[in-house]
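Given next are the chains, with one letter for each unit.
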Amino acid sequence: MPKPDVSDERKPQILRAAAELFAQRGIHASSMNEISKAANLSKAAVYHYYESKEAMVEALVRQLFDADKPELQSLVESEVSAAEKLEGYAGGLVRLLEKNKVLYPVFAEFKAMASRDMGVRDVLKPCFGAYIDAFTEIISGGVRSGEFRKDLVPGEAAWALTSIVEGAITMRHATGRSLKRILLPSVTLFLRGLQK
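Each chain has its residues counted from 1, following the order in which its sequence is written. This being a predicted model, a pLDDT of at least 70 is required before a residue's local features are given, and a value of 80 or more before pairs of side-chain atoms are given or counted; all residues contribute to the totals for chains, interfaces and linings. Water and hydrogen atoms were dropped before computing side-chain values, which therefore reflect all heavy atoms in the structure.

Q: Describe empty space enclosed by the protein, and please don't skip the residues or the numbers.
A: Rolling a probe over the atoms, with the probe sized like a water molecule, indicates the empty space that remains. Cavity means a closed set of points on a 1 Å grid over the protein atoms alone, one where a 1.4 Å probe fits but cannot get out, pocket means an open set with protein on both sides within 12 Å along at least 5 of 7 lines, and lining means a residue has an atom within 4 Å of a point. Grid points are joined across faces, edges and corners, and a volume is the space filled by probe spheres set on the points. Scanning the entire structure with this criterion turns up three cavities of 30 Å³ or more. If you add up the space inside the largest cavity, you get close to 130 Å³. Around the largest cavity, the lining comprises 15 residues; the ones closest to its centre are Phe65, Tyr89, Leu93, Tyr131 and Glu166. Elements represented by at least two residues in the lining of the largest cavity include exactly α4 (53–77), α5 (82–99), α7 (118–145) and α8 (154–175). When grouped by side-chain class, the residues that make up the lining of the largest cavity number 12 nonpolar, one polar and two charged. Lining the second largest cavity are Leu64, Leu97, Asn100, Leu103, Tyr104, Phe107, Ile169 and His173. Secondary structure counts use DSSP, requiring at least four H or I residues in a row for a helix and at least two E residues in a row for a strand, with both numbered from the N terminus. Sorting the residues of the lining of the second largest cavity by element identifies α6 (104–113) and α8 as the ones contributing at least two each. Throughout this entry, Asp, Glu, Lys and Arg are counted as charged residues, while Ala, Val, Leu, Ile, Met, Phe, Trp, Tyr, Cys and Pro are counted as nonpolar. The remaining residues, Gly among them, count as polar.

Printed below as a string of structure tokens:
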């Protein structure tokens, strides 16, 4: 009789253990041995699901971005004003990241690796691209409705907003100040610049 597929249990088990170790010690300082011990699995079992630490980090990053996609899409499709959509997104992101705060240092380290590692960049580009596309759509709607200035270039404004979000997350890492106290006022100021 074939063994039951336990992938749905093992993968999250491994990722939880890896995330805690990466957050405490850093990606490079954590070994596959330590991850397997923390996950209460053999090293072979860990390698069966993830070929490397980098694959685990990629899975964690994708998991965090994927957790944010439904709320972002819901906001894009909602009937509220463009400003309310963007403010709603910022509030939702704060809640998501506070719920997953163990991933803050992991995500920061992974993003820093993008300047040296094309594979990391290849993971992050489509993730950020999804935000830029959604923000462009929301801002375009605000321009069409007359809520935002007609001279705006929605794609450029979307890049600026994505940079504000990422800068706020970096500042949260660097200063320890709450993301809510950094991001929400920044988005409010950004929106004032878009309005007539």
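More follows now that the structure is in view.
Q: Any chance you could break down the pattern of salt bridges for me, citing the residues and the numbers?
A: Any Lys or Arg side-chain nitrogen found within 4 Å of a carboxyl oxygen on Asp or Glu counts as a salt bridge. Throughout the structure, instances matching the rule amount to five salt bridges. One salt bridge connects glutamate 34 with arginine 25, and the closest N-O pair in it is separated by 2.4 Å. The class for glutamate 34 is partly exposed, based on a relative accessible area of 28%. The buried label goes to any residue with under 20% of its type's maximum accessible area, the exposed label to any with over 50%, and the partly exposed label to all in between, with areas taken from a 1.4 Å probe on protein chains only. A relative accessible area of 42% means that arginine 25 is categorised as partly exposed. Measuring nitrogen to oxygen at the nearest pair gives 3.8 Å for the salt bridge that ties arginine 95 to glutamate 71. Here glutamate 71 lies in helix α4 and arginine 95 lies in helix α5, a separation of 24 residues in the sequence. The exposure class of arginine 95 is exposed, given its relative accessible area of 54%.

Q: Describe the packing of aromatic side chains, naming the residues involved and giving the relevant values.
A: The geometry of an aromatic ring pair is captured by two quantities: the separation of the ring centres and the angle between the planes. Note on aromatic pairs: the rings of Phe, Tyr and Trp (six-membered ring only in Trp) are paired at centre separations within 6.5 Å, and the planes decide the class, stacked below 30 degrees, edge-to-face beyond 60, tilted for the rest. Taken as a whole, this structure holds six aromatic pairs when the rule is applied. Considering the side-chain rings of phenylalanine 65 and phenylalanine 107, the 5.5 Å spacing of their centres and the 75° angle between planes classify their relative orientation as edge-to-face. A residue pair is termed long-range when its members are at least 10 positions apart, and phenylalanine 65 in helix α4 and phenylalanine 107 in helix α6 qualify at 42 residues. Pair check on accessibility: phenylalanine 65 and phenylalanine 107 agree, each one buried.

Q: Go over the layout of surface pockets, please, and point to the residues and values.
A: Taken as a whole, the largest pocket holds about 230 Å³ of empty space. Lining the largest pocket are 14 residues; nearest its centre among them are Arg16, Leu60, Gln63, Asn100 and Leu103. Here the lining of the largest pocket is composed, by residue class, of nine nonpolar, two polar and three charged. By volume, the second largest pocket is sized at about 170 Å³. For the lining of the second largest pocket, the secondary structure elements donating two or more residues are α7 and α8. When grouped by side-chain class, the residues that make up the lining of the second largest pocket number three nonpolar, three polar and two charged.

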